[in-house]
Number of protein chains: 2
Amino acid sequence: MEKIRLGIVGYGNLGRGVQYAVSQNKDMEIVAVFTRRDPASVVTVLPVKVEKMDAMQDYVGKIDVMILCGGSATDLPAQSVEVLKFFNTVDSFDTHAKIPEYFENLDKTGKECGHLGAMSIGWDPGLFSLSRLYFEAVSPNGNSYTFWGRGVSQGHSDAIRRVAGVKDAKQYTVPVESALERVRNGENPDLTTREKHTRLCYVVAEEGADRSRIEQEIKQMPNYFADYDTEVHFISEEELKRDHSGMPHGGFVLRSSESANGNKFLTEFSLKLDSNPEFTSGVLVAFARAVYRLAKEGRTGAVTAFDIAPKYLSSLSDAEQRKNLL
Amino acid sequence: MEKIRLGIVGYGNLGRGVQYAVSQNKDMEIVAVFTRRDPASVVTVLPVKVEKMDAMQDYVGKIDVMILCGGSATDLPAQSVEVLKFFNTVDSFDTHAKIPEYFENLDKTGKECGHLGAMSIGWDPGLFSLSRLYFEAVSPNGNSYTFWGRGVSQGHSDAIRRVAGVKDAKQYTVPVESALERVRNGENPDLTTREKHTRLCYVVAEEGADRSRIEQEIKQMPNYFADYDTEVHFISEEELKRDHSGMPHGGFVLRSSESANGNKFLTEFSLKLDSNPEFTSGVLVAFARAVYRLAKEGRTGAVTAFDIAPKYLSSLSDAEQRKNLL
């Protein structure tokens, strides 16, 4: 069997996850990892060639799809268009407000250069987006709800770490169980930000720091915490390491709807993940398979999960899919 | 706006559901219902033209997609190929063992006659199949489970009614909660038929019938009940009518999987439906939209939910989908 040849661009949690995920798929292999760091300094979780970023062009014709594992804030907006000039790509761009602009840039470059880029792939955006679309399409008269957690928010953890006197911190986003139940009961509630999620913070304070001042600063932080019920717990560095070093996450997409005859429907998709980056990586890798196949059919430009027929994601043949999964 | 012109073939619970579902979608309309009965005798839930089956060919060029609302046992295998000769179609064929053969027949006719037929559309097969495929593709190392219910099984209710001395009956398929919990806990259990579902029967016996003989005959019926824990409750005709006249259903698709680094994932899709046929109708109607669009792009033959990019199901434009749902 000819394997799909993949590259990993950026080697953080997501890059490591992609290496693990590819090892579970027999029809693909990683040709090389590309990093901004000194390749000799990069320790990989499984054996793989590590290259400098600027060696990428030597791999034209040797890599079918590049999986971009950088962050959405600064890495991807610049990187994705550059890499797409030479390779097909998959990325997990998740800055919702900037998706339309990002799509246009990627689509233009892909069409000009003859490559295909799948963007915003993961679980949200990604599998959650698919649930929202399928649910709404099949039951148009209703309300959709997305809840996140219980899980670690990297952005909120970083925000706490910027408070003076904080040595380290981990923030969990927690869906409000009673709000979930109201949705499941078909109440179609209008839920405020505060009613949907609470924020749970584990903070390691520097010695002698004013804990009550830190707690207030966190709770009053605009955008991040002010609109939520926030709990702050001070713990030791050892406790943080022992109990909060994982990256679990999860969430729920629900739609409560009604037929024209007054019958009620509830559709619900949920995830519970011990490792957010390792699950996201599995999604990226399945979509890399789809990009490989679609590019072979001559497809270029940008696509999202909405544009890809599900069959392209599976390693099974169309006939096997119908026999075993339909 | 030019509306998608639909026909309904067969006017039972599903046909009525499709009428309700189309009324919730502004971009489509029902041109006519086709029936084997005397059209004058058919009472529709909303105003619509009712025609004899053999008037169908008069509608060539006036209907874009026919929604086939017959049963999988006898109606669809003969009907779908005949209708596809003249129209694009959508059907809910659900005899799993015969899907490969059904697909081949439909695909051949569709390609010869220049029409597109979407088959096995509904929630299982349909949305549940999609969940199985997406879940397995993104997390290949794991086990998938499908549970049905709590809901009314028409086939099992009919089987009970064939027992001598039974006047009427309703059978509920009920998932075993403890089995669901074992899957959710990541135990990856091997579950027997008996361990996954129980069967709950409400039976109206004829006057003077031997109830204990009826109960034994039901519980020992091969294929339908012998492999399950079955409960039989005798109730009055009034109770059956009052408490069991609905057609609720639902179910769960779960996948318990693990990354190559040993982190666990649980993905779960569930449905809770007050009316099985009215929800299934909503799915049929969304896929009729997709068939209309794909046929316009020149697609012919047979397709399943696996072959259709999600974007085709939504009434929103591609840009609106990216902005509002991604």
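Per chain, residues are indexed from 1 in the order of the written sequence. A letter from A marks each chain and a number from 1 marks each ligand, given out in the order of writing. Only residues with pLDDT of at least 70 are given local features in this predicted model, and only at 80 or more are side-chain atom pairs given and counted; all residues enter the totals for whole chains, interfaces and linings. With hydrogens and water set aside, each side-chain value is computed from the structure's full complement of heavy atoms.

Going by an unreviewed UniProt entry, chain A carries the name Meso-diaminopimelate D-dehydrogenase and comes from Candidatus Borkfalkia excrementavium. UniProt positions are given in the numbering used here, feature names are shortened, and annotations may be inferred rather than shown by experiment. What the UniProt record of chain A gives under Sequence similarities (unreviewed entry) is the line "Belongs to the diaminopimelate dehydrogenase family." Under the UniProt heading Subunit (unreviewed entry), the entry covering chain A gives this text: "Homodimer."

Visitor: Go over the interface of chain B and chain A with me, naming the residues and quoting the values.
Guide: Contact criterion: two residues are considered in contact whenever any of their non-hydrogen atoms come within 4.5 Å of each other. On the side of chain A, 61 residues touch chain B, which itself brings 61 residues to the contact. Defined here as a combined quantity, buried area equals the accessible surface (1.4 Å probe) lost by two parts on assembly, summed across both. Regarding the contact of chain B and chain A, the summed buried area is about 5700 Å², with carbon and sulfur atoms giving 64% of it. In what follows, salt bridge is the name for a side-chain nitrogen of Lys or Arg lying within 4 Å of a carboxyl oxygen of Asp or Glu. The interface formed by chain B and chain A includes zero salt bridges. Side-chain atoms alone can form a polar contact between residues adjacent in sequence; in general such a contact is a pair of N or O atoms within 3.5 Å, and within protein one must be able to donate a hydrogen while the other accepts it. Counting the contacts that link chain B with chain A gives 25 residue pairs in polar contact (both at pLDDT 80 or more). If you list the elements that add at least two residues to the side of chain B that touches chain A, you get α3 (99–113), α4 (127–138), β13 (264–273), α10 (276–296) and α11 (318–324) of chain B. For the side of chain B that touches chain A, the residue count by class is 30 nonpolar, 17 polar and 14 charged. Pairing between two strands is assigned when DSSP locates at least 2 bridges connecting them. Helix numbering and strand numbering both begin at the N terminus, where a helix is a DSSP run of H or I of at least 4 residues and a strand a DSSP run of E of at least 2. Strand direction decides the pairing type here: strand β13 (residues 264–273) of chain A and β13 of chain B, joined by nine bridges, are antiparallel. Each residue receives one of three labels: charged for Asp, Glu, Lys and Arg, nonpolar for Ala, Val, Leu, Ile, Met, Phe, Trp, Tyr, Cys and Pro, and polar for the others, Gly being one of them.

Visitor: An account of the sheet that holds strand β11 (residues 229–234) of chain B is needed here, citing residue identities and associated values.
Guide: Residues and elements named next belong to chain B. Taken in spatial order, the four strands make up an open sheet running β8-β9-β10-β11, and their pairing is mixed. Pairing within the sheet leaves two strands with one partner each, and these edge strands are β8 (151–152) and β11. Where strand β10 (residues 197–205) lies against β11, six bridges are found, and the strand directions are parallel. Residue pairing for β11: Val203 is matched across the bridge by Phe234. Relative to the sheet, helix α8 (residues 211–219) contacts β9 (166–175), β10 and β11, its axis offset from that of β11 by approximately 150°. Helix axes use the C-alpha atoms of the stretch in contact, all axes being lines fitted to C-alpha atoms, and the angles between their N-to-C directions lie in the range 0 to 180 degrees.

Visitor: Can you tell me about the relation of the copies chain B and chain A, naming the residues and giving the values?
Guide: A rotation about an axis combined with a shift along that same axis relates the two copies of the chain. Each copy is superposed on the other by least squares, with the fit set by C-alpha atoms of residues at a pLDDT of at least 70 in both. When chain B is brought onto chain A, the operation consists of a screw motion whose angular component is 180° and whose axial shift is 0.0 Å, with 0.0 Å RMSD remaining. Given the turn and translation reported, the copies of this chain are related as if by a two-fold rotation axis. Minimal C-alpha separation from the rotation axis in chain B is found for Ala309 of chain B, amounting to 1.9 Å.

Visitor: How would you explain empty space enclosed by the protein if you had to name every residue and give the values?
Guide: Two kinds of site are reported from a 1 Å grid over the protein atoms alone, namely cavities, where a 1.4 Å probe fits but cannot get out, and pockets, open sets with protein on both sides within 12 Å along at least five of seven lines, and residues are called lining when an atom falls within 4 Å of a point. Grid points are joined across faces, edges and corners, and a volume is the space filled by probe spheres set on the points. Per the counting criterion, the structure on display carries three cavities of 30 Å³ or more. Approximately 170 Å³ is the volume found for the largest cavity. Lining the largest cavity we find Leu127, Leu130, Ser131, Tyr134, Phe135 and Phe269 of chain A together with Leu127, Leu130, Ser131, Tyr134, Phe135 and Phe269 of chain B. Put simply, the parts of the chain that give the lining of the largest cavity at least two residues each are α4 (127–138) of chain A together with α4 of chain B.

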